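Observations on chain architecture
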Amino acid sequence: MNKLLIGTLAMALNFQTFAHNNNYNKDVESIKSMTGCYKVTFRNAETFAFNKSYKYHDRFKSGPVLEWIFVDSENPGKVSLQHLLVAGPHIIKHWRQEWTHEETSLYEYQGDFKWTPKDLDPLSVVGQWTQKVYQVDDSPRYECSAPWIRYNKKNYWECTTNAPLPRREYSKRNDYNIMKRTNRHEIISGGHAHDQDNVKILKTKEFQKPLVMEKGLNLYTEVSNSLCNRAKTWWKDHKAYWFHVRGIWDEFYSKRSPMKFRKKVDGSTLWQRLFELGDQYKENPNEIEALKKEINTTIKEFLY
């Protein structure tokens, strides 16, 4: 192989490496640009039914509420964003989104509180990011892999996956058990938008039937960081506990086994039990080893 050809190949490889690293850095920048203190509004409306007999449900609107979103941990190829709601005098631990680069496996929602592991072709995820969305207690919600897109002055990530019912309908409806979500997170002037095109699906052992389509828009408008100062203080007092909870969850996730959850145990939900243990930790921070065992036992009680 002559020197000219070797030099050409080396230049091509260097360019590919530069392009890959440049895109990676821009992706991380896009993810982190969703952090800050925001005024958030939530809107949803059913649009097109798949059957003429379907009766549309009322439109949903909530907010505006204050929400603080921040990077609570970061490692090469992984960025975790925690959401905290500022509800009057109260701070509420909200959902968490974890972004992993070129992830080759994820958990897929099957309906009826069951998630199963799914392997992805390593070649198919080159340059992509998996968004892993967790419930308020850090149990699974939904995961999906797609690339960040920057084109024609737009900057967004979009992916379609199955998810449980949203909290706004979780205790009100039983006519469907899967929401097929197309989530689009777009960076816009003054904040970002979580745009959704959803399909509500009834899945049984015999069939899978779509009921109705739904449009959703969660709009995050950035406001002064000082409005979220109480949330920052709250996290300092509660961070240690929730990192212990997350560490125990990671042990369950690493097994790559199907997970199916009970709705309640002895009249309580999983999030209620874990929040109660958080209060115990605040009162007895030196009893963490015993508390970690209790966290592990509690999660196991809800799995079957």
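Residues numbered from 1 in each chain as written. Predicted model: local features only at pLDDT ≥ 70, side-chain atom pairs only at ≥ 80, totals over all residues. Heavy atoms only, no water.

1. Re the packing of aromatic side chains
Under the counting rule described, the total for this entry stands at 21 aromatic pairs. Plain terms: the ring middles of Trp271 and Phe275 are 5.5 Å apart, the flat faces sit at 85° to each other, and that makes the pair edge-to-face. Residue Trp271 and its partner Phe275 are both found in helix H4 (residues 270-283); the two are separated by four residues, about one turn of the helix. With a relative accessible area of 22%, Phe275 lands in the partly exposed category. By way of ring pairs, the aromatic residues Tyr107, Tyr109, Trp115, Tyr134, Trp249, Phe252, Tyr253 and Phe261 are connected into one cluster. Here the guanidinium or amino end of Arg96 rests over the ring plane of Tyr134, the centre of that ring lying 4.4 Å away. (Phe/Tyr/Trp six-rings, centres within 6.5 Å; stacked < 30°, edge-to-face > 60°. Helix = DSSP H or I, 4+ residues; strand = E, 2+ residues; numbered from the N terminus. Buried < 20%, exposed > 50% of the residue type's maximum accessible area, 1.4 Å probe, protein only. Lys NZ or Arg CZ within 6 Å of the ring centre and 35° of its normal.)

2. Brief notes about the pattern of salt bridges
In this structure the tally under the stated criterion is 23 salt bridges. In this structure, the salt-bridge partner of Glu46 is Lys200, at a minimum N-O distance of 2.8 Å. One end of the pair, Glu46, is in strand S1 (residues 36-49); the other, Lys200, is in strand S12 (residues 191-203), with 154 residues separating them in the sequence. Just as Glu46 is buried, Lys200 falls in that class too. A salt bridge links Glu214 to Arg168, with the shortest nitrogen-to-oxygen separation between them at 2.9 Å. Here the residue Glu214 occupies a position in strand S13 (residues 208-222), and Arg168 occupies one in helix H2 (residues 167-170), the gap between them amounting to 46 residues. Residues Glu214 and Arg168 agree in their burial class; the two are buried. (Salt bridge = Lys/Arg side-chain N within 4 Å of Asp/Glu carboxyl O.)

3. Describing the layout of surface pockets
By volume, the largest pocket amounts to about 1,200 Å³. Within this model, the second largest pocket holds a volume of roughly 250 Å³. Taken together, 17 residues form the lining of the second largest pocket, with Lys78, Glu98, Lys132, Tyr134 and Asp250 sitting closest to its centre. Taken together, the elements giving at least two residues each to the lining of the second largest pocket come down to strand S2 (60-75), strand S3 (78-87), strand S4 (90-101), strand S5 (105-111), strand S7 (129-134) and helix H3 (229-254). Per element, the largest residue contribution to the lining of the second largest pocket is four residues, and it comes from H3. Tallied by class, the residues present in the lining of the second largest pocket amount to three nonpolar, six polar and eight charged. (1 Å grid on protein atoms, 1.4 Å probe; cavity = no way out; pocket = protein on both sides within 12 Å on 5 of 7 lines; lining within 4 Å. Points joined across faces, edges and corners; volume = space filled by probe spheres on them. Nonpolar A, V, L, I, M, F, W, Y, C, P; charged D, E, K, R; others polar.)

4. Re the sheet that holds S2
Sheet architecture is open: 11 strands sit in the order S8-S7-S4-S3-S2-S1-S13-S12-S11-S10-S9, paired in antiparallel fashion. Two strands close off the open sheet at either side, each with one partner strand: strand S8 (140-146) and strand S9 (148-151). Going from strand to strand, the sheet's axes swing by 25° on average, the running direction of each strand aside. In the sheet, S12 pairs with S13 via 13 bridges, with the strands oriented antiparallel. From the neighbouring strand, Ile201 faces S13, where its bridge partner is Pro210. (Pairing = 2+ DSSP bridges. Axes fitted to C-alpha atoms, helices over the stretch in contact; angles between N-to-C directions.)

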